[in-house]
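What the coordinates show
Here are the chains, one letter per residue:
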Amino acid sequence: MKKSLTRSLVLLSALLVSLAHAGPAEDLIRARLKTAVPDAEVTTITPMPANGFPGGLYLVGFRNYDPLIATGDGRYLIQGDLLEIRDTNLVSVSDQALAGGRSQALAKVKLDDMVIFPAKGKPQKILYVFTDVDCGYCRKFHTQVPELNQRGVEVRYLAFPRGGPASPVVAKLASVWCAKDRQQALTDAKKGGALPAAPATCKAPIKSEYELGEALGVRGTPALFSQDGMQLGGYVSAAELAKTLQLR
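Residues numbered from 1 in each chain as written. Predicted model: local features only at pLDDT ≥ 70, side-chain atom pairs only at ≥ 80, totals over all residues. Heavy atoms only, no water.

**Examining the pattern of salt bridges**
Applying the stated criterion to the full structure yields 8 salt bridges. One salt bridge connects Asp-134 with Arg-139, and the closest N-O pair in it is separated by 3.6 Å. On the basis of relative accessible area, Arg-139 is assigned to the partly exposed category, the value being 29%. Across the salt bridge formed by Asp-134 and Lys-172, the nearest N and O atoms sit 3.2 Å from each other. With Asp-134 in the loop between β8 (125–131) and α4 (136–142) and Lys-172 in helix α6 (residues 169–177), this residue pair connects regions lying 38 residues apart in the sequence. What makes Asp-134 partly exposed here is its relative accessible area of 31%. Ionic contacts of the salt-bridge type, sharing partners, join the residues Asp-134, Arg-139 and Lys-172 into one network. (Salt bridge = Lys/Arg side-chain N within 4 Å of Asp/Glu carboxyl O. Buried < 20%, exposed > 50% of the residue type's maximum accessible area, 1.4 Å probe, protein only. Helix = DSSP H or I, 4+ residues; strand = E, 2+ residues; numbered from the N terminus.)

Written as structure tokens, this is what we have:
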């Protein structure tokens with residue numbers, strides 16, 4: 001579970017202001033976070049397309065904390081999502097700033113390291129889903145996968161044990177990822193069925209995918225991401241996803 005930096009913001013703000021002249025904003029923010037909150041592991045510092053702020057805005061991503069936004073001069077910090085009103089819609093500028101890096105990270109995952117449910121015919125969209133096998137909404141989402149496949153969506157599952165990489169569910173996930181028929185094994189596991197233990201020789205990528213999920217901001221399961229790196233939330237019905245993904 002990710003933590004809040006609220007208690008550290010006053011100290012951090014003072015430190016940032018005191019060294020606002022020390023160098024580029026990215027280096028300054030990273031250095032001051034290291035000093036003020038030593039266990040906050042920064043993964044990304046991304047410029048945000050927002051005008052009117054001193055030195056611009058930067059979205060700071062963490063492996064073990066929620067993201068925050070810092071002004072380039074180090075004077076102000078914002079903890080939360082930055083929204084922009086575009087015409088009649090609210091758009092998350094924060095999510096868009098993170099999307100490119102997420103997309104690149106997801107594209108680097110080997111196909112053999114995922115459980116893939118291919119689209120019927122030529123895929124129109126690719127959906128990445130971080131999943132556990134014991135969570136109720138993961139099981140509910142899985143019942144939507146056949147409809148998504150019919151609509152042209154390829155679903156790519158990645159493992160994300162909610163209790164962490166040392167929790168008991170890891171063994172269940174390893175059994176799925178090491179099965180000869182991963183699709184059937186995942187379906188059986190989400191129905192509560194027992195699976196054979198993973199062979200000792202099988203190296204399932206559970207830990208690495210959990211760490212990737214943490215780096216991408218996953219807090220619970222299921223966690224859905226589009227191919228372009230936009231976070232689509234948790235459980236969403238096939239009909240709602242079709243609208244979000246602008247499927248014909």
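**Here's the deal with unusual backbone geometry**
Negative phi characterises most residues that are not glycine, and trans characterises most peptide bonds. Of note, the bond from Thr-221 into Pro-222 is cis; its omega dihedral lies within 30 degrees of zero at -5°. One non-glycine residue, Gln-246, adopts positive backbone phi at about 55°. Looking at where Gln-246 falls in the secondary structure, it is placed in the segment after α9 (238–244).

**Some thoughts on the pairing of strand β6 (residues 89–92)**
Looking at chain direction, strand β5 (residues 83–86) and β6 are connected through 4 bridges and run antiparallel. By the bridge assignment, Arg-86 is partnered in β6 with Asn-89. Hairpin geometry of β5 and β6 is characterised by an intervening segment of 2 residues between the two adjacent antiparallel strands and by a positive phi of about 60° at Asp-87. (Pairing = 2+ DSSP bridges.)

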